[in-house]
Protein chains: 2
Amino acid sequence: MAVALKLYDLSGRDERLRFSPFCWRVRMALAHKGLEFTAVAWRFLDKQALEFADYDKVPVLCDGEQVVTDSFAIMRYLDKTYPESPVLGEGLSYQRVLLFKYFVERSVNPAIFRTIATDLLAAVHPDDRGYFRETREARFGCTLEEFQQPEQGKKQLHQVLAPVRDLLADSAFLDGDAPAGSDYLLFGSMMWAHVVSKQALVEPGDPVDKWFKRMLNVHDGAASQALTVRDI
Amino acid sequence: MAVALKLYDLSGRDERLRFSPFCWRVRMALAHKGLEFTAVAWRFLDKQALEFADYDKVPVLCDGEQVVTDSFAIMRYLDKTYPESPVLGEGLSYQRVLLFKYFVERSVNPAIFRTIATDLLAAVHPDDRGYFRETREARFGCTLEEFQQPEQGKKQLHQVLAPVRDLLADSAFLDGDAPAGSDYLLFGSMMWAHVVSKQALVEPGDPVDKWFKRMLNVHDGAASQALTVRDI
């Protein structure tokens, strides 16, 4: 019998809109392991639905009796529990992908947020928008409309991704000939924009754009089937 | 008998001033492997001295009959030839440290150069300064004096190093409990500034500063003995 995996996953104004970068990295890690799972739609204010996990954010993974919170901890859990074909790896590999996780969260995500802030607000469920605006504006110290500066955000992203572009000149994927953890971390963040925004984050033809399109097709096109704002 | 390793190493206005970030990463990799070597002082215009290597830059490593050029290729060569205690590693580890190399070269080094451009010029041998100025000014499209913006450079470096700072909150070294390739790549670039400039690149007390001081002491203080402009 297949293992019953359940992933609590952020949903938006259309329940089929799934755009959390942290949920996407886990979805890709699950696809990498060939694990089937049920995605449970969750919204920012459903704090009660996660009480069992003693946590207030998604992703949350339930693997039978096991409950795992935090996207990176889930990726690590998957490697420990389903060791074939590592996503993060151990030792030096693990330590280096942990640094890349911080790079994605500290340097990539802010540039993307600056590009798509109001697109994100529009993708969030109407009942969640007050919460979303309030928490993000407290973090940035300005309104979402002030924070949103797409040209500046894309320029910043272009600079931040220079090392990634260099790497992709000789590698099909960040982690080599096949995708693994580093790819899923960056891809998750780019799916965030891909799902909620009609803007192109990087120029067509950019090695990062070509890589993103390859990533849409890996694991039987797991991500290519995602509903985006272009579809609704 | 010990292997006769020889490293061609950039020297400055005082022959003992050794400040190339690319040479420093190799020096640390050699120390990591416990390999003794002779450092041969080289200057930018000594192109003839490297003809045997069919190369025009340092580091160049001679290991008996073997000649290896390019700092990262040398690190890889050391791993292949002296496999105990990997510096770069293989597979995922290698691919991830390759990405970090690009990060150091694309994002860290420009911020440091902006901070120490004229200090560097002063550290270079007087006979090499014309060459140094010409090649660097062609690269930047402005004079070294215009390019030098220490406050901006340090601010840029502070932002760029945010992911490194996060990692060091829980790790003694970038590569974990002990230093390895990632540490040597970043450390090499910071030694560049440490040797030629009296400016502090990062604030005292910053996790990156604490890590840098730890790095000065590893491998029997291999780097702590380096002559700096403070000493002459």
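Predicted model, so just to flag it, every value in this text is computed and none were measured.

Basis of the calculations
- Residues numbered from 1 in each chain as written.
- Chains lettered and ligands numbered in written order.
- Predicted model: local features only at pLDDT ≥ 70, side-chain atom pairs only at ≥ 80, totals over all residues.
- Heavy atoms only, no water.
- Contact = heavy atoms within 4.5 Å.
- Buried area = accessible area lost by both parts, 1.4 Å probe.
- Salt bridge = Lys/Arg side-chain N within 4 Å of Asp/Glu carboxyl O.
- Polar contact = N/O pair within 3.5 Å; in protein donor to acceptor, adjacent residues only side chain to side chain.
- Helix = DSSP H or I, 4+ residues; strand = E, 2+ residues; numbered from the N terminus.
- Nonpolar A, V, L, I, M, F, W, Y, C, P; charged D, E, K, R; others polar.
- Expected span 1.5 Å × (residues − 1).
- Buried < 20%, exposed > 50% of the residue type's maximum accessible area, 1.4 Å probe, protein only.

Okay, the interface of chain A and chain B next. Buried accessible area, meaning the area lost when the parts come together, often serves as the stated size of an interface. Chain A puts 29 residues into the contact, and the matching count from chain B is 29 residues. Summing both partners gives a buried area of about 2,300 Å² for chain A against chain B, and 60% of it is carried by carbon and sulfur. The largest per-residue losses of area from chain A upon contact with chain B belong to Q95, R96 and L99 of chain A, which jointly make up 30% of the total buried on that side. Along the contact surface separating chain A from chain B lie four salt bridges. Between D166 of chain B and R106 of chain A there is a salt bridge, and its shortest N-O distance comes to 2.8 Å. The tally of links between chain A and chain B comes to 17 residue pairs in polar contact (both at pLDDT 80 or more). Looking at the side of chain A that touches chain B element by element, the count peaks at 13 residues for helix α3 (residues 91–123) of chain A. Of the residues that constitute the side of chain A that touches chain B, the class distribution is 18 nonpolar, seven polar and four charged.

The next point concerns helix α9 (residues 207–221) of chain B. Residues and elements named next belong to chain B. Across its 15 residues, α9 extends 19 Å between first and last C-alpha, which sits within 8% of the 21 Å expected from 1.5 Å per residue. Every buried residue of α9 is accounted for by V208, D209, W211, F212, M215, L216, V218 and G221. Its buried side turned inward, α9 meets α1 (21–32), α7 (162–168) and α8 (181–196). Sitting at the head of α9, D206 places a side-chain oxygen 2.7 Å from the backbone nitrogen of V208.

Applying the stated rule across the entire model yields 32 salt bridges over all chains. For R43 of chain A, the salt bridge goes to D128 of chain A, with nearest N and O atoms at 3.5 Å. Of this pair, R43 of chain A sits in the loop between β2 (38–42) and β3 (60–63) while D128 of chain A sits in the loop between α3 and α4 (129–140), and the two are 85 residues apart along the sequence. Of the residues examined, R43 of chain A reaches a relative accessible area of 23% and is grouped as partly exposed. Under the relative-accessibility criterion, D128 of chain A is labelled buried at 0%. The partner of E105 of chain B in a salt bridge is R25 of chain B, with the nearest N and O atoms 3.0 Å apart. With E105 of chain B in helix α3 (residues 91–123) and R25 of chain B in helix α1, this residue pair connects regions lying 80 residues apart in the sequence. On the basis of relative accessible area, E105 of chain B is assigned to the partly exposed category, the value being 24%.

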